[in-house]
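What follows is the residue order along each chain.
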Amino acid sequence: MNGTFVFIDNKEIPIENEQNLLELIRKARVDLPTFCYHSELSIYGACRLCMVQVEGMGLVPACSTPPTPEMKVSTNTEEIRKMRKIIVELLLANHSQNCPTCQKSTTCQLQALAKRFGITKVRFKNQLREMPPDESSPSLVRDPNKCVLCGDCVRICSEVQSVGAIDFAYRGAQTVVIPSFGKALDQVECVNCGQCARICPTGALTPKSEVDEVWKDIHNPSKVVVAQVAPAVRVAIGEMFGLPPGTTTTGQIAAALRAIGFDKIYDTSFTADLTVLEESGEFIKRVTTGDRIPQFTSCCPAWVKFVEQYYPEFVNHLSSCRSPQQMFGALAKEMLSSELNVRPEDVVVVSIMPCTAKKFEAKRPEFEHDGVRDVDHVLTTQEFGRMIEEAGLHFKELGPESFHMPFGFKTGAGVIFGNSGGVSEAVLRYVSEKLTGQKHESYEFTSVRGENGIREAKLSVAGNEFTLAVVSGLGNARRVLDRIRSGEAHYDLVEVMACPGGCVGGAGQPVFSDPVVRRQRTKGLYENDRMLELHKSQDNPYITELYGTVLGEVGSHKAHELLHTSYRTRKRILDEDVSISSGDEKSLDISVCFGTSCFLKGSQKLLHDILGHIRSKGLNARVNVNASFCFEKCDKGPTIKVGSRTIEGCTIEKAIEAIKREGVALAEEVRQNV
Amino acid sequence: METIRKFERVCEIIDHNQRNAARLIPILQAVQAEYRYLPEEILTFVATSLGISPARVFGVATFYSLFTLKPKGKYLIRVCNGTACHVKGSMGLYGAIVKKLGLREGEDSTPDMLFTVETVNCLGACGLSPAMVVNDEVYGQLTPQRVSDIVDEIVLKEAQNESDAHGA
């Protein structure tokens, strides 16, 4: 196809490697409108906004029409202009009309198109059947009244993240995008990454706002409100105030937080430095003893939930380190109340994060002690931007200010955490010195940097060969995990971030759809690293001091209490057991796992044999049999549960024995009752 | 033991379709033939077995009007409301059945789950209009009196089966 041309509005445009007309038209610098076209997703062709006139073909959707040489394309005929207007008008006629109070107002593409096409009046009667929004999730709000059914969220969730928590349901005018069986978002397999909200052109999926709660605590004189700012925020928030993506605004962020009324301003990069020491300590220990290798990073809460629900056999491969956000929360609650002389419940920790899953993480039960949460509120970059607007601050004009010590001091290693590959690089900067016992001049490990969603690096440190995988996007993570499981791949350390590109591309960041924006933010963070005096977490003097005064040494008992956590395996969807046979009220419960792994290990045959046994012994009235999904013992399947006992590697003999044992107890109980 | 047989049948259906996600529709058809509807936990089980998300299975199950997620009565009465039947007074038939079964507004099944009544848009039996189908049996040229009699006949047959079962 190279060396040939198409004619777009009479201009000759060379065909290079473009797969469809839309890409060529955009190359010709004509901004053809679309809802459902994204270069990172499959082509869907639903919104019909990219219709163009092709000589000899009539009207065709540009996104799904491959270019052929000499094609004559018109993008702006009277017919096309009329049609675009009608499409937008029809969408508006079936759309919530509360634009001024919508979270997406000013960044909404439907609003932008209505303005661009000069639609001042919708000629059709509003047909919206008002449905209640789903506010169950701690991270996201789904408002079906604002959905244009472009399917972007459905495709990013299944194609990029391999989760598929939402999909189209019903048909025709009843069509909606919802979780399975119309359940609430917090009842299903959603990992809260929020990529759906990032890609949603309207306000149908948005990050859940905690702005009001934060203002309330700021205005409460008895509360000391402490902010922690994640690395990726500093290179993105400027976009909301007209600065180019990637512009570092650390000083302005500190100034804005102070002006808004935060009492203390700290940097999550400080606890990222702390994470590096704890996680590297764990890594060295595990890799030298061959214990649970590969080690998986645990900074990303969407990734953690993903492992917990899809790969239970790998849960203990996750580093036990809390994420930097939660390390900060624990330390702040432990240290600040005595230091600032306030009651622990009056210290309010607010995180400013590029992420929606961090809201979910802060609410995990593991991070609450005696009713006090380690992190009280999580604001996304967007929400923080809105607070700046609400306070009437001219962000660009703010004179840079500094963070408070000691938790405001960071090294470059803590800052690059916001990039995919950043955690690995920071760990390598520590491990390479720790294992050799020498100080190195250089600090950049560029082999773990890059754009690809799956990157591998082999490094030799002090005579040890380490293989690393750096992964972003959960679909990529699934591919890597499957290869590890099948034995095709071996790694020592696997870094995973749920969002493509890492935290800089998080769903809490200012709205963007062009991957160039993310690239510039990534570059911004690496530049930040270079500008800082220190680049290695172990050189952070306040970290050294913290170990001296509070924590003891890396991996100490105190460090474990404050900085480490545990995980659990979880069902993807609540209440999904299949009842196969029910006895009377006093019956013994038997559940047979039908999870993928147990199924492959023969749970279907086992269930069949158990049912045969029950039938032949006439135990029907005395047992309830369920097919269940996953008892989190996948490595030792097939697993069954008899009463309260879990039996791994179960055979029919083991099952019969267990039923007999429980059966005796049951018979006695029945006898006593009679 | 009925549920055991059904569940084993679901496992067979999935295996018979090579656990192939592309065969989701035939799988759902076979499952519905077994349960007379698609229970939620069975759909989740099917999704897990095929390695696709339950939301996708739910989407397919709600897209086709052939599938139902609500339990249906033992006798499913489908009154045709296609153009020809409509003109010949199918809604009158529908009203007569609803009245006969004592269904209230918004109800489509009797409390004993013996009957479910619904309308369909054309059975393709326009020559017999107004027509209806009870399970697989087609009835044509109906009148409100006739549909009422058909319901009575079924009730009578059921009562006889019941007493036969008890007598045995």
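1. A word on the overall build of chain A
Helix and strand content of chain A: 21 helices and 24 strands. At 28 Å, chain A has a C-alpha radius of gyration in line with the 26 Å of a compact globule built from 674 residues. Counting only C-alpha atoms, chain A reaches 90 × 65 × 55 Å along its principal axes. Burial statistics for chain A: of 674 residues in total, 58% are counted as buried.

2. Some words on the nonpolar core
Core analysis: the biggest nonpolar cluster contains 127 residues, and Phe262 and Trp303 of chain A have the highest contact counts within it. Each of domain 2 (87-208) and domain 3 (212-563) of chain A contributes no fewer than three residues to this core. Ignoring sequence-local partners within four residues, the contact set of phenylalanine 262 of chain A consists of Val214, Ile218, Val225, Val226, Ala227, Leu257 and Val350 of chain A. In this structure, Leu607, Val623 and Val625 of chain A together with Phe45 of chain B belong to the second largest nonpolar core, which totals 51 residues.

3. Topic: unusual backbone geometry
Backbone torsion omega between isoleucine 293 of chain A and proline 294 of chain A reads 5°, so that peptide bond is classified as cis. A cis amide bond links methionine 405 of chain A to the next residue, proline 406 of chain A, at an omega of 0°. Residue position: proline 406 of chain A is located in the loop between α12 (381-390) and α13 (412-415). Phi angles above zero are rare outside glycine, and arginine 36 of chain B is one such case at about 70°. By the secondary structure assignment, arginine 36 of chain B is in the loop between α2 (24-35) and α3 (40-50).

4. A look at the domain arrangement of chain A
Many descriptions give the size of an interface as the accessible area lost when the pieces come together. By the assigned domains, chain A splits into domain 1 (5-76), domain 2 (87-208), domain 3 (212-563) and domain 4 (578-673). Taking the mean C-alpha position of each, domain 1 of chain A and domain 3 of chain A sit 41 Å from one another.

5. With respect to the interface of chain A and chain B
Each partner contributes residues to the interface: chain A has 36 residues there, and chain B has 27 residues. Carbon and sulfur atoms supply 65% of the area that chain A and chain B bury against each other, a total of about 2,600 Å² over both sides. Of all residues in chain A, Tyr170, Arg171 and Phe181 of chain A give up the largest surface area on contact with chain B, accounting jointly for 24% of the area buried on that side. Summed over the shared surface of chain A and chain B, the result is 2 salt bridges. The shortest N-O distance in the salt bridge between lysine 183 of chain A and glutamate 40 of chain B comes to 2.7 Å. Where chain A meets chain B, there are 7 residue pairs in polar contact (both at pLDDT 80 or more). Looking at the side of chain A that touches chain B, the elements with two or more residues in it are α4 (152-160), β7 (166-169), β8 (176-179), β20 (578-581) and α20 (603-616) of chain A. The residue makeup of the side of chain A that touches chain B, split by class, is 19 nonpolar, 9 polar and 8 charged.

6. Re the environment of glycine 412 of chain A
Structurally, glycine 412 of chain A is set in helix α13. Excluding residues within four positions of it along the chain, glycine 412 of chain A makes contact with Arg429, Asp529, Leu532, Leu534 and His535 of chain A.

7. Examining helix α8 (residues 268-289) of chain A
Residue and element names in this part refer to chain A. Here α8 contains 22 residues, and its C-alpha end-to-end distance of 31 Å stays within 8% of the 32 Å for a straight helix at 1.5 Å per residue. The element α8 is largely enclosed, with a buried count of 17 among its 22 residues. Two residues or fewer after α8 comes glycine 290, characterised by a positive phi angle close to 70°.

The rules behind each value
- Residues numbered from 1 in each chain as written.
- Chains lettered and ligands numbered in written order.
- Predicted model: local features only at pLDDT ≥ 70, side-chain atom pairs only at ≥ 80, totals over all residues.
- Heavy atoms only, no water.
- Helix = DSSP H or I, 4+ residues; strand = E, 2+ residues; numbered from the N terminus.
- Rg over C-alpha atoms; globule rule 2.2 N^0.38 Å.
- Buried < 20%, exposed > 50% of the residue type's maximum accessible area, 1.4 Å probe, protein only.
- Core = buried A, V, L, I, M, F, W, Y, C linked by side-chain atoms within 4.5 Å.
- Domains from an automatic or database assignment.
- Contact = heavy atoms within 4.5 Å.
- Buried area = accessible area lost by both parts, 1.4 Å probe.
- Salt bridge = Lys/Arg side-chain N within 4 Å of Asp/Glu carboxyl O.
- Polar contact = N/O pair within 3.5 Å; in protein donor to acceptor, adjacent residues only side chain to side chain.
- Nonpolar A, V, L, I, M, F, W, Y, C, P; charged D, E, K, R; others polar.
- Expected span 1.5 Å × (residues − 1).

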